Each structure stands twice: as C-alpha cells, then as structure tokens.
Amino acid sequence: MNSHEIVSRLKLSEKMALKYPRVCAAIDLDAILSNMRSMHDNLKPETKMIAVIKTDGYGFGAVPIAKMLETEDYIWGYASATVEEAMELRDNGVVKPILILGYTFPFSYDTLIDNEIRPAVFRYDQLEQLEERALLKAKTGWNGKVKVHIAVDTSMSRIGVRPDDEGAAFVAKALSMKYIEVEGIFTHFARADEKDLTDAISKKDIFASFIERVEKENNCRIPLHHCANSASIIQIPQAQMDMVRAGVTMYGMKPSEDVPTDKVKIGPALGLYSHIAYIKDVPAGVPVSYGGTFVTDKPTRMATVPVGYGDGYPRSLSNKGYVLIHGKKAPILGRVCMDQFMVDVSDIPEALENDEVTLIGWSGDSHISIEELGDLSGRFNYELACDLNPRIPRLYIRG
Ligand SMILES: *Cc1c(COP(=O)(O)O)cnc(C)c1O
C-alpha cells in the first residue's frame, strides 16, 4: 500500500535518492490545487465542482488529493468508481459527499447508506433494494434518507435511463420513494473532447429538456444537475449547470489533442524518477535485452534503469521511448523487461551510476510529458497514469 508522504519541492531529489532510489512518482499537490482553481475561475462563482478521483485518483493518489480539497469551498465532493474506493476515502477521514459514478451492486448498500455514499441509480431494483435496507435501518431508529443521483444516458449507451417516457417514469418512481432523496441527476458526454462540439451540445440540450420535463411533472427541483467533464469545463460553458465533474485536467493532463488548454491554465503534476543501476561500455555487435531486437552498431555506453512494465512503464516503449539524464535524451535500447531496461548514454559522458533518471517530468530544462509517452507507446494518457503500479512509491509535493 502507498504511503502518503509529503515533502517540500527543495527536498524532493534528496529524498528520492536516499529513500526511493529505484523508482518514485512525485505528485505535485500544489499543481493539482492550482489546476482545480483555474478550472473554477473559468466557471460561474456559484458552480460547484466534483473532483473525480476514481482509480486511486487516476493513479495520483485519491486520499492525499481529497484531504487537500476538503477545505476548498467550491468543491462539493468527490466521485469514485466503486464503494471500495469511496470507503478508502471515508476510512481516511474524508467527510465531503462521495458519488459512485457506475453501478453499485446490492451487497454493499448497507455500507453506502451508513457512510452517506451516493450511488448512481438507473435500475428499479436499485430503488427497491435501497428502500428495503433503509426501512430496516429506520426500524432501529435511523432517521436519514438515502441520497442518490439519477444517471441519464444521452451519449454513452453505458449506464443510465434514457431521456424518454420510460426514463421519466423512473425519475417519478425515485422521487416517490419514502426513504430515497433524489439529490442529483447527471449525464456524461461521449464527445466533449473534440473540435466539433455539435454532438455534446445537442446532448446537453436533450438532458436539460428532460430535467425540465421531469421537474415540471413532479413539481420539484432536483438540487444538483450535472453533466460536464474536464473537456466540457474548458469548452462548453453552457454545460455548467449546478456542478461540474473535473477529472483529467485536475491532474494536469489533456482531455485530448483537440481541447485547447490556453483558456484554462493547466500544469503537469506528475514526475516519475529512477536512478542508474549500472553503466557499461560495449563494442559494436552486442545484442540488448530479450530477443536481441537491438544490436549495437558502434561502441556504446549503456545504462540500466531499474524500472519495467511491472511498474506500469509500457513495454511498447521498447526501442521507441527515451528517458532524460542530466537534461539530455537517452533512447531506450531493446525491449523493456518487467523490472529493468537499458538506455544509450553514449552522448551523455557525465552520466554515472546512481544518477537521477527522469521517465516523466523535468530534468534540468528538458521535460517529458505523459502525453508524449502516450504517443510513443501507442497508449492513452489516462491509461498510462492509471497503470502506474502501486509498487511505485508516491511522494507528495506541497509548499
Ligand atoms: C471519469 C468520468 C468523469 C471525468 O472525466 P474527465 O475526462 O477525466 O474529466 C466525469 N464523469 C464521469 C461519469 C466519468 O466517468
């Protein structure tokens, strides 16, 4: 399990070299906070935000991020993917609301209710089972309500009721339940991260008219309407509604190549560092790593980096990727192994054993972004971050 050790920017290199020399992810909490604030500056001041911290905060660490955001008053709460993720937050003292974005299976409904974790609902049996559990609790003196958010499917065909007569009947049913409180209603766009926003905007209009219809039919106002993800926060101001859900841009990553990042100031928040385990000089004609897919064509100075795909460093970077050492590029030679790979340091004569290696982030004035690594490895930036293995220690930078 990861520790949530916090370190100052000045002490970072020293701490990594002494305590986590093999590999270490440096997570810049200041950058995450500043990304969140600059997104909020782009919204109406009263618009609330959900920090989407599913998959352990896209690999960055859900608990330290949530703990930092607890005191930000424009943050309504957090979104997780599972009850287990939500409970990790609760177990670490996080008290703001938590919404589960996907389907929650009935075995955990007691946990949900006891910890005020809001499920997304869209199946009648969810309503019935939540009501049944709540009734049992009410008999033992509990006098709360189960807060839920209704998922509406406008774009993804993933979860949610359709914005039609059947969907409206579901909303009416949810609103009529004795122990259920419909706190929110939300949808998710499939195509908000493109240049042409026609699809997302039309889906937003469909969602808004559906809400207008159900609120009129049931003579109520559902408190929290929400539909915007990161790309929509940046590109579709009319999709703000009561609340927005910020994921990828909070972590300083781009929703896609098509989303402009000049309107909202977003900075990278992740560094991935190692140290050289071994240096050797070899002549021409020497094969490197499994399969001998690379053979030196000249006398070569090579460094071994003690990180591999077992850490989530993509094997598809074999013979394609590079790292930075003393601010200079060192290309990967041969295949990336599970726990080690080799790089060419022939052009970096100052490189020595134990020197710092940058896999993602800054080295002197040079930078490797997670997007560039994604392009080189044929992977999605979100996926790369999520795949950083828990065996990589995380250090959190604050102040
Ligand atoms: C993951 C997710 C988000 C956040 O999306 P980003 O593109 O990372 O901002 C928002 N809403 C839902 C329903 C999601 O599943």
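Residues numbered from 1 in each chain as written. Predicted model: local features only at pLDDT ≥ 70, side-chain atom pairs only at ≥ 80, totals over all residues. Heavy atoms only, no water.

In the annotation of an unreviewed UniProt entry, the entry for the protein chain reads Alanine racemase, and the organism field reads Butyrivibrio fibrisolvens DSM 3071. Turning to the protein chain, the UniProt record has this under Pathway (unreviewed entry): "Amino-acid biosynthesis; D-alanine biosynthesis; D-alanine from L-alanine: step 1/1." If you open the UniProt record of the protein chain and go to Catalytic activity (unreviewed entry), you find "L-alanine = D-alanine". (UniProt positions renumbered as here; feature names shortened; annotations may be inferred.)

(A) Region of the structure containing the pattern of salt bridges. Evaluated as defined, the whole model comprises 27 salt bridges. Here K137 and D110 are joined by a salt bridge, their closest N and O atoms 3.3 Å apart. Within this pair, whereas K137 is found in helix α7 (residues 124-139), its partner D110 is found in helix α6 (residues 109-114), the two being separated by 27 residues in sequence. Take K137: its relative accessible area is 14%, and that puts it in the buried class. Put simply, R118 and E116 hold a salt bridge, and the shortest N to O gap is 4.0 Å. Each of R9, D28, D30 and R398 takes part in a single network of salt bridges with overlapping partners. (Salt bridge = Lys/Arg side-chain N within 4 Å of Asp/Glu carboxyl O. Helix = DSSP H or I, 4+ residues; strand = E, 2+ residues; numbered from the N terminus. Buried < 20%, exposed > 50% of the residue type's maximum accessible area, 1.4 Å probe, protein only.)

(B) Region of the structure containing the site of the ligand. V52, K54, Y58, L101, R158, H188, N229, S230, R245, G247, V248 and Y382 make up every residue found near the ligand. Taking G247, its main chain carries an N or O atom lying 3.1 Å from an oxygen atom of the ligand. One of the side-chain N or O atoms of Y382 is found 2.7 Å from an oxygen atom in the ligand. In this structure, the ligand is accommodated by the largest pocket. Residue composition of the shell around the ligand, grouped by class: 5 nonpolar, 4 polar and 3 charged. (Near = heavy atom within 4 Å. Polar contact = N/O pair within 3.5 Å; in protein donor to acceptor, adjacent residues only side chain to side chain. 1 Å grid on protein atoms, 1.4 Å probe; cavity = no way out; pocket = protein on both sides within 12 Å on 5 of 7 lines; lining within 4 Å. Sits in = over half its atoms within 2 Å of the grid points. Nonpolar A, V, L, I, M, F, W, Y, C, P; charged D, E, K, R; others polar.)

(C) Up close: unusual backbone geometry. If you check the backbone angles, S157 has positive phi at about 55° while not being a glycine. Of note, S157 is situated in the loop between β7 (146-151) and α8 (165-176). Judged by relative accessible area, S157 falls into the exposed class, the value being 62%. Within the chain, N354 stands out as a residue other than glycine whose phi angle is a positive 80°.

(D) Molecular detail of the domain arrangement of the protein chain. Each domain of the protein chain was delimited in the assignment, giving domain 1 (29-251) and domain 2 (270-397). Look at where the C-alpha atoms of domain 1 and domain 2 centre, and you get two points 39 Å apart. Taken together, the contact pairs 9 residues of domain 1 with 7 residues of domain 2. Taken over both partners, the interface formed by domain 1 and domain 2 buries close to 830 Å², and the fraction arising from carbon and sulfur atoms is 64%. At the junction of domain 1 and domain 2, the tally comes to 0 salt bridges. On inspection of domain 1 and its partner domain 2, the count reaches 3 residue pairs in polar contact (both at pLDDT 80 or more). Put simply, the parts of the chain that give the side of domain 1 that touches domain 2 at least two residues each are α2 (29-41) and α3 (54-58). Per-class residue counts for the side of domain 1 that touches domain 2 are 5 nonpolar, 3 polar and 1 charged. (Domains from an automatic or database assignment. Contact = heavy atoms within 4.5 Å. Buried area = accessible area lost by both parts, 1.4 Å probe.)

(E) A look at the UniProt feature "modified residue: N6-(pyridoxal phosphate)lysine" (unreviewed entry) in the protein chain. The positions UniProt marks with the feature "modified residue: N6-(pyridoxal phosphate)lysine" (unreviewed entry) are K54. Assignment of secondary structure puts K54 in helix α3.

(F) The packing of aromatic side chains, seen in detail. Under the criterion given, the structure shown has 8 aromatic pairs. Centroid distance Y124 to F170: 5.1 Å. Interplanar angle 75°. Geometry classified as edge-to-face. Within this pair, whereas Y124 is found in helix α7, its partner F170 is found in helix α8, the two being separated by 46 residues in sequence. With a relative accessible area of 37%, Y124 lands in the partly exposed category. For F170, a relative accessible area of 1% translates into the label buried. Members of the aromatic cluster, joined through ring pairs, are Y58, F60, Y251, F380 and Y382. It is K329 that lies over the ring of Y322; its NZ or CZ is 4.5 Å from the centre. (Phe/Tyr/Trp six-rings, centres within 6.5 Å; stacked < 30°, edge-to-face > 60°. Lys NZ or Arg CZ within 6 Å of the ring centre and 35° of its normal.)

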